[in-house]
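One-letter residues, chain by chain:
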Amino acid sequence: MHHVLILGAGTMGSVHVAAYAEMDNVQVVGIVDHDPEKAGQIASPLGAPVFSSVDDALVSLDHLTVVDICLPTFLHKENVLRFAEIGIDIICEKPIARNLEDAREIIDFCKEKNVKLFVGHVVRFFPEYELAKQRIDEGAIGKPAVARTFRGGIFPKGWNDWYADFNHSGGLVLDMIIHDFDYLRWMFGEVERVYAKSLLGRNFLQVDYALVTLRFKSGVIAHVEGSWAHEGFTTKYEIAGKTGIIDYDSSKETPLLMKSKKAANGIGGVAVPESPLIKNPYYLELEHFLSCIERKVEPKVTAEDAYKAVEIAVAALESIQSGKPVTMNSEKIHPQV
């Protein structure tokens, strides 16, 4: 039985609580949040206690095996280090940290303390994204050449409006389209060069937009678009290879299509809609992390993968600020961007 303490009763904390509630081998032993009323709303169905601070939780809990950190990015480091110090395995929402320096310190400290660290890059667990990788690995569209992704929603609201503080959140580049950086790297390997443009510094209230071009060592070129000026929430991708295209748009009735070039040229073939079974990807992610603890195996998303995702995001932010492409070399990327 996993005894899980959750830090944060916001959106992600609520999502994680709902997932754990469906698992037979998990007991949520407490929820920590500065707002006890909000925390109580998600804790009461589970009969879990609410704590106003980590100190209160640690004093009160007799048995704790996993901490799940669903707090703003700038609070990740202090809480990861605190629980790693006492030997508690850690699940931490993405991004792992606000900058590369903190990310490396987190990873190294967890290794030193022999604590397992899992970072919530959940897109790898979305069936539509998993299926695209599977099809590409099988050679369904030939050698991939160009990819295009879009992720857009309204400007997020959070505790103390922390998303609007660039020094705390890193804007949508670090907070949102980092999902796509991780996913694309998972599919195509290491990034060689980054070039990006965004609204950063233009002082549009509660609006953000970015377009990032990634060149991979494998030769693939990817265009990653993100928007916090979008009604609703939509994700899209288009991946073109030598012999076909995989196309996904969450806003469409049949969102996932595979097209061969024969079909596109009118020589034969049809566009075939794919409809993978839907199971909450957050449930799948957390179930996977807990299974890795039980089986003592590496997760689908490693802490080093999480570091690499931040590295790409930091390079994009540097490119935005300099107006120039950034070659991926850890020594050249300033960790505090």
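You'll find the structure just up there.
Participant: Help me understand the sheet that holds strand β2 (residues 26-32) in this model?
Facilitator: Remark on secondary structure: sheet strands pair via backbone hydrogen bonds, oriented parallel or antiparallel. The strand order across the open sheet formed by 6 strands is β3-β2-β1-β4-β5-β6, and the pairing between neighbours is parallel. The sheet is open, and its two edges are formed by β3 (50-51) and β6 (117-120), each paired on a single side. Its contacts with the sheet put helix α11 (residues 281-295) on β1 (2-7), β2, β4 (66-69), β5 (89-93) and β6, and the angle it makes with β6 is roughly 170 degrees.

Participant: Teacher, can you tell me more about the pattern of salt bridges here?
Facilitator: Oppositely charged side chains may form a pair once their charged atoms are brought near each other. Under the counting rule described, the total for this entry stands at 19 salt bridges. With a closest N to O distance of 3.7 Å, K94 and D175 form a salt bridge. Of this pair, K94 sits in the loop between β5 and α5 (100-112) while D175 sits in helix α8 (residues 171-175), and the two are 81 residues apart along the sequence. Judged by its relative accessible area of 11%, K94 falls in the buried class. D137 serves as the salt-bridge partner of K133, at 2.8 Å between the closest nitrogen and oxygen. Taken together, the residues span about one helical turn, with K133 and D137 both in helix α6 (residues 127-137) at a distance of 4 residues. Look at the salt bridges and you will find they share partners, linking R124, D182, R185, E190, D305, K308 and E311 into a network.

Participant: Sorry, what's going on with helix α4 (residues 76-85) here?
Facilitator: Two residues of an α-helix separated by three or four positions point the same way, owing to the 3.6 residues in each turn. Among all positions of α4, only H76, N79, V80, L81, F83 and A84 are buried. Of the surrounding secondary structure, the elements contacted by the buried residues of α4 are β1, α3 (54-60), β4, β5 and α5.

Participant: Hey, could you run me through the side chain of T235 in this one?
Facilitator: Inspection of the secondary structure assignment puts T235 in strand β11 (residues 233-241). Residue T235 is classed as buried on the basis of its relative accessible area of 7%. In terms of polar contacts, T235 uses its side chain to reach the side chain of Y129, at 3.4 Å. If we ignore the near neighbours within four places in the chain, the residues touching T235 are Y129, F150, R151, Y248, D249 and S250.

Participant: I tried to follow the pairing of strand β7 (residues 144-153) on my own but got confused; where do I start?
Facilitator: A regular strand places its side chains on the two faces of the sheet in alternate fashion. Of all 10 residues making up β7, 7 are buried, and the element is well covered by its neighbours. Here 9 bridges tie β7 to β11, and the two strands are oriented antiparallel to one another. What sits directly across from R151, in β11, is T235. Sheet topology note: the β7/strand β10 (residues 221-227) ladder contains 7 bridges and is parallel. Each bridged residue has a counterpart across the sheet, and for T149 the counterpart in β10 is V224.

Participant: What am I meant to see in the environment of G139 here?
Facilitator: Tracing the chain through its elements places G139 in the loop between α6 and β7. A relative accessible area of 39% places G139 in the partly exposed class. Each C-alpha atom, one on G139 and one on G241, is 9.1 Å from the other, the two residues being 102 residues apart in sequence.

Participant: Help me understand the packing of α6 against helix α9 (residues 178-188), please; the structure alone is not making it clear to me.
Facilitator: When two helices pack together, you describe them by how their axes are tilted relative to each other and by the distance separating the axes. Two numbers describe how α6 lies on α9: the axes approach to 10 Å, and their chain directions differ by 20 degrees. Considered as vectors, α6 and α9 are oriented roughly parallel to each other. Crossing handedness for the pair α6 and α9: right-handed. Residues Y129, E130, A132, K133 and I136 of α6 touch α9, and the partners they reach there are Y183, W186 and M187. Classifying every residue of the contact of α6 with α9 gives 6 nonpolar, no polar and 2 charged.

Participant: Hey, could you run me through the packing of aromatic side chains in this one?
Facilitator: The geometry of two aromatic rings is summed up by the distance between their centres and the angle between their planes. Counted under the stated rule, the structure contains 15 aromatic pairs. Seen from their ring centres, Y129 and Y237 are 4.9 Å apart, and the 65 degrees between their planes marks the pair as edge-to-face. Linking Y129 in helix α6 with Y237 in strand β11, this pair joins segments that are 108 residues apart in sequence. Across the pair, exposure class does not vary: Y129 and Y237 are buried alike. Ring pairing ties together the aromatic residues F126, Y129, Y183, W186, Y237, Y248 and Y282, which thus form one cluster. Positioned above the aromatic ring of W186 is the side chain of K133, whose terminal nitrogen or guanidinium carbon lies 5.1 Å from the ring centre. We note K236 situated over the ring of F150; from NZ or CZ to the ring centre the distance is 5.5 Å.

About the thresholds
- Residues numbered from 1 in each chain as written.
- Predicted model: local features only at pLDDT ≥ 70, side-chain atom pairs only at ≥ 80, totals over all residues.
- Heavy atoms only, no water.
- Pairing = 2+ DSSP bridges.
- Helix = DSSP H or I, 4+ residues; strand = E, 2+ residues; numbered from the N terminus.
- Contact = heavy atoms within 4.5 Å.
- Axes fitted to C-alpha atoms, helices over the stretch in contact; angles between N-to-C directions.
- Salt bridge = Lys/Arg side-chain N within 4 Å of Asp/Glu carboxyl O.
- Buried < 20%, exposed > 50% of the residue type's maximum accessible area, 1.4 Å probe, protein only.
- Polar contact = N/O pair within 3.5 Å; in protein donor to acceptor, adjacent residues only side chain to side chain.
- Parallel < 35°, antiparallel > 145°, perpendicular 65-115°, else oblique.
- Left-handed = near helix turned anticlockwise from the far one by under 90°.
- Nonpolar A, V, L, I, M, F, W, Y, C, P; charged D, E, K, R; others polar.
- Phe/Tyr/Trp six-rings, centres within 6.5 Å; stacked < 30°, edge-to-face > 60°.
- Lys NZ or Arg CZ within 6 Å of the ring centre and 35° of its normal.

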